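Structure assessment
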Amino acid sequence: MTGLPVMPTTSPSGVRQRLDEVSASERVDGPAARHFRARQIQAIVGLLPVVFMGVSVSASVFVGTFWAQWPIWAWGVWVGALALGCVGIDRGWRAMIRGVSRPVATPAGLRQIAWQVAWLGALWTVVPALMFPTADHRGELLICAVMVGMMCAGGLILSAVPMAACAYLFVVGMACVVAIQRSDYANGLPLLFALVAYLVVMMILVLANGRTFLSRLRTEAENERQRQLINLLLHDFEEHASDWLWEISPTGHLRHVSVRLAQSFGLSSRQLLDESFLDLVSSVLPTELPEAMQAFGQLKSNLQMGRPFRHLELPVRIGDGVHWWSLMAKPLFDDRGRSAGWRGVGADVTQARTARDEMARLANLDALTGLANRYCFSREMARACTCVEQTSGAFTLLFVDLDNFKGINDSLGHGVGDELLRHVAARIEACLAPGDLLARLGGDEFAILSWVVGDEGAAAEMAKRLLQALVTPCQLNEVRVEVHASIGMALAPRDGTDPQSLLQSADLALYAAKAAGRNTHRFFAPLMAESARARARMQQELGVALADEQFAVYYQPQISTVTGKVVGFEALVRWQHHERGLIGPNDFIPVAEETGQIVPLGTWVLRQACRAAVLWPDGIRVAVNLSAVQFRSHSVVDMVDQALADSGLAPERLELEITESALMDDLEGAQSTLVALRDRGIRVALDDFGTGYSSLAYLRRFPMDQLKIDGMFVRSLDSDPDAQAVVTAIISLAKALRLETTAEGVELPEQVVMLRALGCDLIQGFVMARPMPMAHIADFLQRH
C-alpha cells in the first residue's frame with residue numbers, strides 16, 4: 001500500500017553501530033581499543049579533584065542545613081562513607097591504567113567504574129532523598145539545586161565513559177523520583193515529567209560528548225598511524241631510494257640534510273648543515289658545459305621568484321665524473337603566509353640521461369653502418385632547403401644505389417650483405433669533403449648532401465670518384481665480392497627548392513642511370529619528369545585496358561631444326577591502344593611488373609593461350625611467359641589448373657617460361673611450385689638463359705625441360721666468336737642435362753644453319769615468322 005507513513009525501526013546492526021560510536025572495542029578498533037579505554041579513564045581521573053571538592057562542599061552544605069534532623073552518628077557514617085568512597089575510587093581508577101608510554105585498560109575496568117559511580121551516586125543521594133519530604137520550602141530549593149547541579153556536573157565529568165555517566169545519571173535520577181514520590185509533590189505529574197525529560201536530555205548530551213571524545217581519540221590514533229607510516233616511508237626512502245630530500249630556510253641555507261643528500265655532494269651531513277644551497281650547487285657545476293650555467297640560472301631564478309618547479313636537470317661534477325641531477329621543489333609558507341623556505345626532492349638521473357642521449361643519437365643513426373638515417377637526412381634536407389632560400393646558396397643531392405646487391409645478398413647470405421654495406425659506406429665516406437652528409441636511407445640505397453659541390457661539373461667529378469671507389473672488389477669473410485652502383489643527382493636550386501621536389505628529381509635521375517645500363521651516373525633533366533609522368537599515365541591506362549580487355553595475344557612459331565615442323569607457338573601479348581595503336585610488350589610490361597598489374601594481365605594471357613591451343617592440331621604446344629611476380633604468387637598452380645580446366649587443354653601441351661629472377665627470392669617455394677607443375681605434365685622452360693646469373697646450381701636443383709637461348713647471343717652468332725662460344729656452351733650443357741634448347745631472335749638463314757650444326761633443337765624468330773594473331777595460325781600451319 002502507498003500513502004502510509006513508514007515508522008522508523010532500529011535493527012540490531014543499527015544499535016551495534018551506535019554503541020561502537022561511544023565505546024571502544026577490539027572488533028572495531030583492534031589493538032588500539034585498550035589504549036582508548038585508558039585514555040577514557042585518564043580523562044575522568046584528571047577531574048577527580050574537582051569532583052571531590054564538589055562532593056565536600058555539597059556534603060557540608062547538607063550537614064549544616066539539616067544537622068538537627070539526623071543524629072550525629074548518622075551524619076558521621078554518611079560523610080565517612082563518602083570520604084572512603086572517594087578515596088577508593090581515586091586509587092582504584094588509577095590502578096586500572098597500566099603502562100606509561102602507552103597506557104592501556106581492559107573492558108572490565110570500564111564496567112567496574114560504572115558500578116562504582118552508581119554506588120557513589122546512590123550513597124550521595126541517600127540524604128537528599130530522605131530529607132526532601134520533611135524539608136521546608138527553603139530546604140526543598142536547596143536540595144533541588146544541589147541535585148540538579150550534581151546531575152549536570154557528574155554527567156559531564158563522566159561523559160568520557162558514557163556507560164559510567166549514564167549509570168550515575170540513572171541512579172541519581174531515580175533517587176530524585178523517589179524523593180518526589182515521598183513528598184507533597186507526589187501527585188505533581190508535570191514535575192515528574194520535567195525531571196524525566198531533563199534526565200533524558202542529560203543522557204543524550206553525555207552520549208554525544210562520549211562519541212565526540214572517542215572520535216577524537218580515533219582521529220588522533222589515525223593521525224599517529226599516518227605520521228608513523230610517513231616517517232617509516234621517509235626513512236626507507238632516504239635509506240634505500242636513489243632520490244634524496246632537501247630543505248632550505250628562507251635565507252637559502254640547508255636545514256635538513258639526509259644521508260643521500262650528503263652522499264650526492266660527496267660531503268658529510270655536518271659539513272652541509274646551514275650551508276647555502278645555491279653556493280653548494282655552484283661549487284660543483286661543470287662550467288665548461290653551456291647547459292650547466294643555463295640550468296643553474298633557471299634554478300636560481302625559481303628560488304628567487306618563489307616559483308615551484310619540476311624535473312629541472314642540472315649537470316654537476318662529483319669526483320672525476322659529471323653526473324646529472326633532477327630537482328623538484330615547492331615553496332613553504334607559515335601560518336601567516338610568509339615564506340618559510342623550500343622543500344624538495346633530488347635524484348641522480350645520470351644513467352637515465354645517458355640512455356636518453358644514446359637513444360636520441362641512435363634515432364638519428366643507421367644501426368648497421370653508423371651513418372645518418374632517413375629521419376636525420378630528412379631533417380638536414382629541410383634545413384638545407386631553407387638555407388638555400390634565405391642565402392641563395394646551392395648544394396647537390398646524390399642518390400647512390402648498388403646495382404647487384406640483391407643477388408649478392410640472396411646468394412651469399414645476409415651476413416655478407418650487411419658486411420658489404422659497411423664496406424661500401426666506408427668507401428663512399430672517404431670520398432666526401434668535410435661538411436658533407438652521408439646517409440643510408442634503407443636497403444642498399446645511400447644519399448649524399450654536399451654543400452661543397454654546387455655545380456654540375458664538380459658534381460660529375462664527385463660521382464666519378466664514387467664509382468671509381470667501388471671498382472675494387474671487397475674481401476668479405478673469405479669471399480671476394482664485386483659491387484657496382486648507379487648514381488642519380490639533383491642540384492639545388494636548379495632542380496628544386498623544396499625537399500620533396502629535390503628527392504623526386506634525384507630519384508628520377510637514379511632511375512635513368514639504371515636504365516642506361518647501371519654502373520653510371522645521371523643528372524636530373526626535365527625530360528625525366530615527363531617520362532615519369534608518361535609511366536604514371538601508362539599505369540592508369542593499363543588499369544582501364546585490363547578492365548576493357550584492350551589486349552590481344554599474338555603467337556610466334558617454334559620450329560624444329562631437325563624436321564622443320566612447327567612444334568609450338570609462344571604467346572606474346574600486345575596492347576591495342578585506342579590512340580597509339582598496337583603497342584609491343586617492351587613498352588608496357590616493365591610498368592605492369594612495377595605496379596603488380598602483371599598478375600591479372602598474365603592470367604588473362606594464359607587463359608587466352610590455352611583456349612587457342614585447344615583448336616590447334618595435337619602435338620603442337622603453346623608457351624606462355626610467367627613473370628617473377630606472377631610465379632611467386634601462392635595461387636600460381638591453382639591459376640594454371642583453372643586455365644587448363646576451363647579450356648580443356650591437355651597439360652603436356654602447355655609450356656611455362658620463367659626467368660632466373662623468379663627463382664631467386666624463395667628457393668624452397670620455387671622448387672615446390674615447379675615440382676607441382678611438372679607433376680601435372682606441364683613443361684617448364686628457363687627463359688633468357690645466359691643473361692642472368694646462369695647458375696648451374698639452379699639447373700641441378702630445379703626440374704626443367706628446356707633452356708631458351710637469349711636473342712642477344714643469337715643475333716651475333718655469325719659475327720662474334722664469343723657469342724658463338726656462349727651458344728655452343730649452352731647447347732652442350734643442355735644436352736648433358738638432357739634438356740631441350742630453343743634459340744630466340746633468329747633473323748638470318750646463316751644463323752639457322754649454325755644453330756642446326758651446333759645441335760640446337762628449336763628455333764624462333766623473324767626468319768621463320770613474325771608473331772601473328774590467332775586468325776592467321778591455320779594458314780601458317782597449312783604452309784608448314
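As the structure is a prediction and not an experimental result, all values here were calculated from the model.

The subject of this paragraph is the side chain of Gln597. Within the secondary structure, Gln597 sits in the loop between α21 (585–595) and α22 (598–613). Discounting chain neighbours no more than four positions away, the residues touching Gln597 are Gln539, Leu542, Gly543, Leu546 and Ala592.

Glancing now at the packing of aromatic side chains. All chains considered together, the criterion is met by 15 aromatic pairs. When the ring of Tyr555 is compared with that of Trp616, the centres are 5.4 Å apart and the planes differ by 90 degrees; the resulting orientation is edge-to-face. Here Trp616 lies in the loop between α22 and β16 (621–625) and Tyr555 lies in strand β13 (residues 551–560), a separation of 61 residues in the sequence. On the basis of relative accessible area, Tyr555 is assigned to the buried category, the value being 2%. The buried category is assigned to Trp616, whose relative accessible area is 5%. Three or more aromatic residues joined by ring pairs make a cluster, and in this case those are Phe62, Phe66, Trp70, Trp75, Trp78 and Trp124. The cationic tip of Arg574 hangs over the ring face of Tyr554; the distance from NZ or CZ to the ring centre is 5.8 Å.

Attention now moves to the sheet that holds strand β12 (residues 521–523). Strand order in this open sheet of five strands is β7-β8-β6-β11-β12, and the pairing throughout is mixed. Strands with a single pairing partner mark the edges of an open sheet, and in this sheet they are β7 (437–442) and β12. Within the sheet, the average angular offset between the axes of one strand and its neighbour, ignoring direction, is 20 degrees. Of the strand pairs in this sheet, strand β6 (residues 395–402) and strand β8 (residues 445–450) are connected by six bridges, and their pairing is antiparallel. Paired with Thr396 across the strands is Ser450, a residue of β8. Helix α17 (residues 414–430) contacts β6, β7 and β8 of the sheet and is inclined by roughly 15 degrees relative to β8.

Moving on, we get to the pairing of strand β3 (residues 309–318). Note: β3 against strand β4 (residues 321–333), eight bridges, orientation antiparallel. Its bridge partner being in β4, Pro315 is matched across the sheet by Trp324. Between the antiparallel neighbours β3 and β4 lie two residues, among them Gly319 with a positive phi of about 70 degrees.

Bringing the side chain of Lys708 into the picture now. One can find Lys708 in strand β19 (residues 706–709). On the accessibility criterion, Lys708 (0% relative accessible area) is buried. Polar contacts involving the side chain of Lys708 include one to the side chain of Glu657, which spans 2.7 Å. Not counting chain neighbours up to four residues away, the residues in contact with Lys708 comprise Gln558, Glu570, Glu657, Ala685, Leu686, Asp687, Asp688, Phe689, Thr742, Glu744 and Gln764.

Moving on: the pairing of strand β20 (residues 740–743). In this structure, β19 lies alongside β20, joined through four bridges in parallel fashion. Among the inter-strand pairings, Ile709 is bridged to a residue of β20, identified as Ala743. Where β20 lies against strand β21 (residues 762–763), two bridges are found, and the strand directions are parallel. Paired with Ala743 across the strands is Ile763, a residue of β21. Taken together, β20, helix α30 (residues 749–758) and β21 form a β-α-β motif whose crossover is right-handed.

Moving on to the sheet that holds β4. Hydrogen bonds along the backbone pair up the strands of a sheet, which may run parallel or antiparallel. Sheet architecture is open: five strands sit in the order β2-β1-β5-β4-β3, paired in antiparallel fashion. Only two strands of the sheet have a single partner each, and these edge strands are β2 (254–257) and β3. Averaged over all pairs of adjacent strands, the angle between their axes in this sheet comes to 30 degrees, without regard to strand direction. Sheet topology note: the β4/strand β5 (residues 339–348) ladder contains nine bridges and is antiparallel. Paired with Phe333 across the bridge in β5 is Ser339. Contacts from helix α13 (residues 290–305) reach β1 (243–248), β3, β4 and β5, with the element oriented near 130 degrees to β3.

Looking now at the nonpolar core. The biggest cluster of nonpolar side chains holds 77 residues, and the ones touching the most others in it are Tyr555, Phe588, Val622 and Leu654. Every residue in contact with Leu654, bar those within four places of it in the chain, is listed here: Leu606, Cys610, Val622, Val624, Val640, Leu644, Leu649, Ile682 and Arg683.

The peptide bond linking Ala492 to Pro493 adopts the cis configuration, its omega dihedral lying at 10 degrees. The residue Pro493 is located in the loop between β11 (485–492) and α19 (499–515) in this model. One non-glycine residue with positive phi stands out, namely Glu549, at about 55 degrees. As for its position among the elements, Glu549 is in the loop between α20 (526–548) and β13. With a phi close to 60 degrees, Arg738 is a non-glycine residue in the positive phi region. Summarising the element assignment, Arg738 is placed in the loop between α29 (721–736) and β20. Exposure remark for Arg738: the relative accessible area of 76% places this residue in the exposed category.

About the criteria used
- Residues numbered from 1 in each chain as written.
- Predicted model: local features only at pLDDT ≥ 70, side-chain atom pairs only at ≥ 80, totals over all residues.
- Heavy atoms only, no water.
- Helix = DSSP H or I, 4+ residues; strand = E, 2+ residues; numbered from the N terminus.
- Contact = heavy atoms within 4.5 Å.
- Phe/Tyr/Trp six-rings, centres within 6.5 Å; stacked < 30°, edge-to-face > 60°.
- Buried < 20%, exposed > 50% of the residue type's maximum accessible area, 1.4 Å probe, protein only.
- Lys NZ or Arg CZ within 6 Å of the ring centre and 35° of its normal.
- Pairing = 2+ DSSP bridges.
- Axes fitted to C-alpha atoms, helices over the stretch in contact; angles between N-to-C directions.
- Polar contact = N/O pair within 3.5 Å; in protein donor to acceptor, adjacent residues only side chain to side chain.
- Right-handed = clockwise from strand over helix to strand, strands pointing away.
- Core = buried A, V, L, I, M, F, W, Y, C linked by side-chain atoms within 4.5 Å.

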